[in-house]
Amino acid sequence: MGDEEGKKINLTGLKPRAFVSNTNTHFGSVLCRTLAKKGDYEVRGTTVDDEEDEAKWVKQVIKRDACAQGLQKCLLESDLIVYQLVDGVDDATMALKLLMNDHYENEKTFILISSVLTWAETKQNVELPQDETEEEEPAGEEEEEDVEQEAFTEDMYNKRVPHVKYTAWKEVEKLCKQANSKTLHTYVIFAGMTYGEGESMLHPLFKQAWHLSPEGLPTFGTGKQLVPLVHVQDLATFVYKLASRDEPEEQRYYFGCDDGNVSWNAIIKALNDSLGNGKTYRVQERDYILYENVENFIVNLKIEATGMGGIADDEEEWVSKAGFVENVDKVVAEFKSHRNIAPLRCCILGPPAAGKTYFGKKIAQQYKLLHITVADVVREYEAQQTQLSEQLLKIKQRKKEERRKAKLEEKRRLKAEAEAERAAAKGEDDEEGDEENADPQPVVEEDDDDDDVEEGEEEEEDDEETEKIKERLNELKAILNMRIKSKVQKPEEDQDKGKGKKPKPAVKGKLKKDANPPPTPPEETKPQEAPRYTDKCLAIMYRWKLAQPMCRNQGYVLDGYPKTVQQAKLLFEEGELEVPEEGGEEEEEEPPAEGEEGEVKKVEDKLLPDKVIFLTARDEFLTERLMQITSDAEHNNPVDFQRRLDFSKANSKPSGGITSWLESVVSNAEDIREVSVREFCVDGCPLLPPPAPTSPLE
């Protein structure tokens, strides 16, 4: 039902009034906004601990103790009263006792926002697997089997047993149901743990994930408990929809949960994949008390919120109907937006010796960002081969050890069976007095047939984990083979060949065929450099680096890359980069001519930098600075320096250069953002610290 169908017709011409308790809580603020915008309510309410917080959507904040009569008057004048249980139940109890057993000219709606924790200790009818036996299983992963839980529905409210901390909440729920009358319509909503829009109870977890906590995110118990959740905006919309019904609902109890029904492990994994570093740690039961709201993390309830789905039946109005895991990227984006923690992504470009690395390190140190150079990215990407190979070797050794133990165990079993059969046969022969013994069973020695384990190792198929590692290794091999063919200069042919000139004999008086010339010293040749990686290969490496959690969360500082428009397109434009099956050396691509840039594509917003700093300087100043740089890098010689300087000038033209391209790109994000490009002249900026002052005593 849409807003127009569900909204009550107001014949008075006045705005309907709503009273909301605890308007400054996470849910309270979202509810006030929803009622004011969707229902055009005039919202009044209280705050937690009577704090004087100014809320945008609240017309008047009423204090409890200062004016009890004012609070009662506000309740009696309101068309909708929403009480959210937070710390205690006294306020809600007082309001219900004030409003119940009375007749009102204008019908009122009272909605109590409780918690699913009033169901926490309810016994469940668990359906066990048919093949389950009573034998005790050894400790390990096989001991824990997933079982199908019974889904609780609203009509089972009489069976609910609350958590010990929420016993009083159940009594208020019963009082709310009793207060229902023809002119006072009361409802109870068992709300799941809210998430979204900056977070509340889950905020510590989001904070740990954002800061990439070394120990990771916590898991409680087995982690398989089903934790009821609901997006805070969906819960607020449901309250508004329930209050706006043309005819009051006969049902008094409702679950306020999404359709997720996901386990705590699934929640942690989704959050880790989207925001964290993938690590987790197990919290011991004795340490539960150290975690605030831990009862919400260990509750195990499977909920079927049929009532909420029937009233909030327009799926377009839902923010997260499918649940936290399915919409984790949207929830993480909301967290970053509401907490104003967008990453700082910076790129520093400019000619050689302009100070890109110097200033890049300073910026990274100041804002605690990653300073990324081409050499660092290539080294880390290449190191994956070694890491994955070592991981594959460990898996192979582990499996080999498991097979060896299994084979030895089988040998022991066969040996025990053989000994038992011999003992039984000997006993029968003793009773019958027969001296003839049964043929002994072959005894399997533990030291024999060791080669069988090795032979079986090759025949065993790879499991899923091994297959993934091998696929990744093959992909890495193909990518790292994407190199530019080195241009080899062929030696010039002898110009004197064929002109009839006779070479001098090596030794006087001997013919050439008998000559044994002394060895000629080899010519000094410059060591041949390894072929450089192609632009596409470097783009793949950089995309891998920028997708890591540290770059996604905090940001980065790109040092001197990309240098050309072609490199920038490969790195930032949306779409996957195709990797050849085997890779191989390629010819160096020529840059496109002006006006032939090709199809204009949108760029990937997650990769695009926010700030681009382009350093400029006079050639004379750069040359002088080069003379001061004490570096062993070969490319700092005068010839290579001039080549790099000319290359930088050619790719930094005002029209068609790298900076103009970055200024003109369009991101694929919903809120299109622009890249800020600033030029800074570094003439006269010394990068080397001045010499230490000498002591007059020296």
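In this text the structure is predicted, and so the values were computed from the model without any measurement.

Draft legend 1. Structural view of the overall build of the protein chain. Each helix and strand in the protein chain was counted, giving 21 helices and 18 strands. In the protein chain, of all internal contacts separated by at least 6 residues, the share reaching a separation of at least 24 is 83%. In the form shown here, the protein chain has an accessible surface area of approximately 43000 Å², with 48% of it arising from carbon and sulfur atoms.

Draft legend 2. Representation of the nonpolar core within the structure. Ranked by size, the top nonpolar core spans 97 residues in total, and within it Phe110, Ile111, Trp264 and Phe324 carry the most contacts. A per-element tally of this core places helix H7 (residues 232-243) first, with 8 residues. Filtering out sequence-adjacent residues up to four positions away, Ile111 remains in contact with Leu80, Ile81, Val82, Tyr83, Tyr187, Ile189, Val239, Leu242 and Ala243. Listed in part, the 44 residues of the second largest apolar core include Leu388, Ala539, Tyr556 and Leu607.

Draft legend 3. Molecular detail of helix H15 (residues 464-480). Here H15 contains 17 residues, and its C-alpha end-to-end distance of 24 Å stays within 8% of the 24 Å for a straight helix at 1.5 Å per residue. Among all positions of H15, only Thr466, Ile469, Leu473, Leu476, Ala478, Ile479 and Leu480 are buried.

Draft legend 4. Layout of the sheet that holds strand E10 (residues 253-256). Read across the sheet, 7 strands follow the order E3-E2-E1-E4-E5-E6-E10 without closing on themselves; strand pairing throughout is parallel. Taken across any chain shown, the strands that pair with only one partner, and hence form the sheet edges, are strand E3 (60-61) and E10. Where strand E2 (residues 42-45) meets E3, 2 bridges bridge the pair, whose relative direction is parallel. Each residue of the ladder has a partner; that of Gly45, found in E3, is Val61. Strands in contact with helix H5 (residues 167-178) are strand E5 (108-115), strand E6 (184-191) and E10; relative to E5, the strand with the most contacts, it is inclined by about 160°.

Draft legend 5. Expanded view of empty space enclosed by the protein. Enumeration over the complete set of coordinates arrives at 2 cavities of 30 Å³ or more. There is about 60 Å³ of room inside the largest cavity. Forming the boundary of the largest cavity are Asp234, Thr237, Phe238, Lys241, Met308, Ala312, Asp314, Glu317 and Trp318. In terms of residues, the lining of the largest cavity owes the most to one element, H7, which gives 4 residues. When grouped by side-chain class, the residues that make up the lining of the largest cavity number 4 nonpolar, 1 polar and 4 charged. Each pocket or cavity is described by its volume, and for the second largest cavity that value is around 30 Å³. Where the lining of the second largest cavity is concerned, the elements lending two or more residues are strand E1 (17-20) and helix H3 (68-77).

Draft legend 6. The arrangement of the packing of aromatic side chains in detail. Enumeration according to the criterion identifies 22 aromatic pairs in this entry. Judged by centre distance (5.7 Å) and plane angle (50°), the rings of Trp119 and Phe152 are tilted. With Trp119 in the loop between E5 and H5 and Phe152 in the loop between E5 and H5, the pair connects residues that are 33 residues apart, well separated along the chain. Since its relative accessible area comes to 0%, Phe152 is described here as buried. For the ring pair Tyr157 and Tyr253, a centre distance of 4.6 Å and an interplane angle of 40° mean the geometry is tilted. Of the two residues, Tyr157 sits in the loop between E5 and H5 while Tyr253 sits in strand E10, which places them 96 residues apart along the sequence. Owing to a relative accessible area of 3%, Tyr253 belongs among the buried residues under this scheme. Of the aromatic side chains, those joined through ring pairs into one cluster are Trp119, Phe152, Tyr157, Phe190, Tyr253 and Phe255. In this structure, Arg160 packs its charged tip against the face of Tyr253, placed 5.0 Å from the ring centre.

Draft legend 7. Region of the structure containing the environment of Arg282. Within the secondary structure layout, Arg282 lies in strand E11 (residues 280-283). Given a relative accessible area of 52%, Arg282 falls into the exposed group. Sequence separation of Arg282 and Gly221 is 61 residues, and the distance between their C-alpha atoms is 7.4 Å. With residues up to four places along the chain from it excluded, the contact list for Arg282 reads Thr219 and Gly221. Of the polar contacts made by the side chain of Arg282, one reaches the backbone oxygen of Gly221; its length is 3.1 Å.

Draft legend 8. Looking closely at the pairing of E6. Of all 8 residues in E6, 8 are buried, a share of seventy percent or more. Residues Leu184, Thr186, Val188 and Phe190 point to one face of E6 and His185, Tyr187, Ile189 and Ala191 to the other, with burial holding for every one of them. Where E5 meets E6, 8 bridges bridge the pair, whose relative direction is parallel. Bridging across to E6, Ile113 finds its partner in Ile189. Across 4 bridges, the pairing between E6 and E10 is parallel.

Draft legend 9. Layout of the side chain of Lys399. Within the fold, Lys399 resides in helix H13 (residues 374-432). Using a relative accessible area of 13% as the deciding quantity, one classes Lys399 as buried. If we ignore the near neighbours within four places in the chain, the residues touching Lys399 are Asp463 and Thr466.

Each value, and the rule that gives it
Residues numbered from 1 in each chain as written. Predicted model: local features only at pLDDT ≥ 70, side-chain atom pairs only at ≥ 80, totals over all residues. Heavy atoms only, no water. Helix = DSSP H or I, 4+ residues; strand = E, 2+ residues; numbered from the N terminus. Contact = heavy atoms within 4.5 Å. Areas by Shrake-Rupley, 256 points an atom, 1.4 Å probe, with all protein chains shown as cover. Core = buried A, V, L, I, M, F, W, Y, C linked by side-chain atoms within 4.5 Å. Buried < 20%, exposed > 50% of the residue type's maximum accessible area, 1.4 Å probe, protein only. Expected span 1.5 Å × (residues − 1). Pairing = 2+ DSSP bridges. Axes fitted to C-alpha atoms, helices over the stretch in contact; angles between N-to-C directions. 1 Å grid on protein atoms, 1.4 Å probe; cavity = no way out; pocket = protein on both sides within 12 Å on 5 of 7 lines; lining within 4 Å. Points joined across faces, edges and corners; volume = space filled by probe spheres on them. Nonpolar A, V, L, I, M, F, W, Y, C, P; charged D, E, K, R; others polar. Phe/Tyr/Trp six-rings, centres within 6.5 Å; stacked < 30°, edge-to-face > 60°. Lys NZ or Arg CZ within 6 Å of the ring centre and 35° of its normal. Polar contact = N/O pair within 3.5 Å; in protein donor to acceptor, adjacent residues only side chain to side chain.

This is a description of form; function is not addressed.
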